[in-house]
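Structural features, examined
Take a look at the letters that make up each chain.
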Amino acid sequence: MEQQEASSEDVVMTRIGQALMLLHGGDREEARNRFGALWAEIGEHGDPLHRCTLAHYMADAQDDAGDELAWDLRALAAADGLGRLGQDRLDAHHPSSAVRAFYPSLHLNLAADYVKLHRPDAARVHLDRAHAALDALADDAYGNGIRGALDRLERRLEGA
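Calculation notes
- Residues numbered from 1 in each chain as written.
- Predicted model: local features only at pLDDT ≥ 70, side-chain atom pairs only at ≥ 80, totals over all residues.
- Heavy atoms only, no water.
- Helix = DSSP H or I, 4+ residues; strand = E, 2+ residues; numbered from the N terminus.
- Buried < 20%, exposed > 50% of the residue type's maximum accessible area, 1.4 Å probe, protein only.
- Contact = heavy atoms within 4.5 Å.
- Areas by Shrake-Rupley, 256 points an atom, 1.4 Å probe, with all protein chains shown as cover.

As annotated in an unreviewed UniProt entry, the chain carries the name Tetratricopeptide repeat protein and comes from Streptomyces crystallinus.

Regarding the overall build of the chain
Per the secondary structure count, the chain includes eight helices and zero strands. Across the chain, helices and strands are ordered from the amino to the carboxyl terminus as α-α-α-α-α-α-α-α. Across the 160 residues in the chain, those meeting the buried criterion constitute 43%. Residue pairs at least 24 apart in sequence account for 57% of intrachain contacts in the chain once pairs closer than 6 positions are excluded. Carbon together with sulfur atoms contributes 50% to the accessible area of the chain, which is approximately 8700 Å² in total.

Looking at unusual backbone geometry
Even without glycine at this site, His118 takes up a positive phi of about 60°. Residue position: His118 is located in the loop between α6 (103-116) and α7 (120-132).

Listed below in structure tokens is the structure:
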């Protein structure tokens, strides 16, 4: 039973990855369609890792800043659900994952959404939360990319 469950979970992550390739290839509409179909299958109460991952990428596929914010908030809520699952359950999905490492990026995205929506106070709250979570990131390309994006967004917000 566990093997079958792991297999089906891998299929969901594979399908998310396929839609993400469409998004990165510039086909936002088809990516949105596929992400939407997956969301309908997974549902609001599905696996938190799937919901977090899917909502995170669905946000990137949005043309409207309000829609992007709604999906980023769903991703954050799902990440909070991941924390309640425990590391053993998360390790079944991806051994190198740590829930805490999701938060800098999730809060960075929310801060960027609020900047787009001209809500600087809300943006600052999420910038602060992203900074508070930075210790979960390694000193590698990903971690440095998040740190750099935070710095750029802060400078943009200061200039507004």
